[in-house]
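Observations on chain architecture
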Amino acid sequence: MPEDKADIPKALRGMAQLKVDKIRHWTDRTFSFSCERPASFRFRSGEFVMIGLVVDEKPLLRAYSIASPSWDEELEFYSIKVADGPLTSRLQHLEPGDEIIMRPKPVGTLVHDALTRGKRLFLFSTGTGIAPFASVIRDPETYEKFDQVILTHTCREVGELAYGFDLIEKIRNHEFLPEVVGNKLMHLPTTTREDSADMGRMTDWIRDGRLSARTGGPLDPKTDRVMICGSMEMLADHKALCLDAGMVEGSNSEPGDFVIEKAFVD
């Protein structure tokens, strides 16, 4: 018989319980995990939800972008590890079969509805900020709306780029995505500390023309749309450059040329 609502602690009512089925540690600072997706749960690619654990009979929740696309049967999350973080210090020790809790109310601005029509879509990310874009670049709607999609991912060290490389490989080997994506997707990974093929912060690439040279032209509000996800400093720097380019910030209620995400973990 279903659990009686009266038996569920008031603080946990309305929460979904998700069983973890896979977990992967990418570096000593990052990991990802996937869970079974409730049949009734719907979201837009790029949104985030509040997930977490029950600690001392109370929900401990943080905002996490959903890294899986809206059509997937699983929910994937990509996270940093914080040794003394209230939640990530616990989440990083998850094992298959463990359960997490989720408030099933997805929200967020890194969605197509918050942008007006354009030709090129720039997805600027640093670190685990690539998570919502892992969802966006696997959504067929992205390629229906844009002729070119540029995913940039900047990390300190080469190893931290592994999640992005694996993501691109999954798209190439997917059952139907290669036909949908075609040659529209460009992946541009860079590092800031360890030597790699491409070095530097993307803000510097925008300022000195390297991004323009690689993608076919500077940011243009007439044709380009931008999504940004990373640290607070990164968001502020990229937002300033978008504004300098004449772009207007968008939202779900008033779509614009660029959007940023302010949901963070720990």
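Residues numbered from 1 in each chain as written. Predicted model: local features only at pLDDT ≥ 70, side-chain atom pairs only at ≥ 80, totals over all residues. Heavy atoms only, no water.

1. A closer look at the side chain of serine 79
With respect to the helices and strands, the residue serine 79 is situated in strand β5 (residues 74-80). A distance of 2.8 Å separates a polar atom in the side chain of serine 79 from a polar atom in the side chain of tyrosine 64. For serine 79, the residues in contact, after removing those within four places along its chain, are Arg29, Thr30, Phe31, Tyr64, Thr88 and Thr128. (Helix = DSSP H or I, 4+ residues; strand = E, 2+ residues; numbered from the N terminus. Polar contact = N/O pair within 3.5 Å; in protein donor to acceptor, adjacent residues only side chain to side chain. Contact = heavy atoms within 4.5 Å.)

2. A look at the sheet that holds strand β9 (residues 185-191)
With parallel pairing, the 5 strands of this open sheet are ordered in space as β9-β8-β7-β10-β11. Edge strands, defined here as strands with exactly one partner in the open sheet, are β9 and β11 (258-260). On average, each strand axis in the sheet is tilted by 10 degrees relative to the strand beside it, whichever way the strands run. Sheet contacts for helix α4 (residues 162-172): β8 (148-155) and β9; angle to β9, the most-contacted strand, approximately 165 degrees. Set on the sheet, helix α8 (residues 232-244) makes contact with β7 (120-126), β10 (224-229) and β11; between it and β10 the angle comes to about 165 degrees. (Pairing = 2+ DSSP bridges. Axes fitted to C-alpha atoms, helices over the stretch in contact; angles between N-to-C directions.)

3. Topic: a negative patch on the surface
Side chains of Asp21, Glu36, Glu95, Asp98 and Glu99 sit close together on the surface and give a patch of like negative charge. Topologically, glutamate 36 is positioned in strand β2 (residues 30-36). (Patch = residues over 30% accessible without salt bridge, like charges linked within 9 Å, V, L, I, M, F, W, Y side chains within 5 Å. Areas by Shrake-Rupley, 256 points an atom, 1.4 Å probe, with all protein chains shown as cover. Salt bridge = Lys/Arg side-chain N within 4 Å of Asp/Glu carboxyl O. Lys, Arg positive; Asp, Glu negative; His and termini not counted. Charge placed at Lys NZ, Arg CZ, Asp CG, Glu CD.)

4. Digging into the nonpolar core
Where a protein is soluble and globular, its nonpolar side chains tend to be buried together. If you look at the biggest cluster of nonpolar residues, it comprises 28 residues, and the most contacted ones within it are Leu121, Leu123, Phe133, Ile137, Val149, Tyr163 and Met227. Counting only elements with at least two residues in this core, the list comes to β7, α2 (131-136), β8, α4, α5 (177-181) and β10. In this structure valine 149 touches Leu121, Leu123, Ile137, Thr142, Tyr143, Lys184, Leu185 and Met186, once residues within four positions along its chain are discounted. (Core = buried A, V, L, I, M, F, W, Y, C linked by side-chain atoms within 4.5 Å. Buried < 20%, exposed > 50% of the residue type's maximum accessible area, 1.4 Å probe, protein only.)

5. Overview of unusual backbone geometry
Both trends apply: most residues other than glycine have a negative phi, and most peptide bonds are in trans. Not every positive phi belongs to a glycine, and aspartate 56 is a case in point at roughly 55 degrees. Tracing the chain through its elements places aspartate 56 in the loop between β3 (48-55) and β4 (58-65). Backbone geometry at glutamate 57 places phi at a positive 65 degrees, although glycine is not the residue there. Tracing the backbone through its elements, the reader meets glutamate 57 in the loop between β3 and β4.

6. Thoughts on the pattern of salt bridges
Applying the stated rule across the entire model yields 16 salt bridges. Here arginine 138 makes a salt bridge to glutamate 76, at a shortest N to O gap of 3.7 Å. Of this pair, arginine 138 sits in the loop between α2 and α3 (140-145) while glutamate 76 is found in strand β5, placing the two residues 62 residues apart along the sequence. In terms of burial, arginine 138 and glutamate 76 fall into one category: buried.

7. Considerations on the pairing of β8
A large share of β8 lies buried, amounting to 7 of its 8 residues. Here β7 runs beside β8; their pairing, made up of 7 bridges, is parallel. In the sheet register, phenylalanine 122 faces β8, and the bridge partner there is isoleucine 150. One ladder, built from 7 bridges, connects β8 with β9; its direction is parallel. Note on β9: the bridge partner recorded for cysteine 155 is threonine 191.

8. Let's talk about the packing of aromatic side chains
Under the counting rule described, the total for this entry stands at 8 aromatic pairs. Measuring from ring centre to ring centre gives 5.9 Å for phenylalanine 31 and phenylalanine 33, while their planes differ by 20 degrees; the resulting arrangement is stacked. Phenylalanine 33 sits in the buried class, given a relative accessible area of 2%. Judged by centre distance (5.7 Å) and plane angle (25 degrees), the rings of phenylalanine 41 and phenylalanine 43 are stacked. As far as the burial class goes, phenylalanine 41 and phenylalanine 43 line up, both buried. Ring pairing ties together the aromatic residues Phe31, Phe33, Tyr64 and Phe77, which thus form one cluster. The ring of tryptophan 26 carries arginine 24 above its face, with NZ or CZ at 3.8 Å from the centroid. (Phe/Tyr/Trp six-rings, centres within 6.5 Å; stacked < 30°, edge-to-face > 60°. Lys NZ or Arg CZ within 6 Å of the ring centre and 35° of its normal.)

9. Describing the pairing of strand β6 (residues 99-107)
With 4 bridges connecting them, strand β1 (residues 16-25) and β6 associate as antiparallel partners. Each residue of the ladder has a partner; that of alanine 16, found in β6, is methionine 102.

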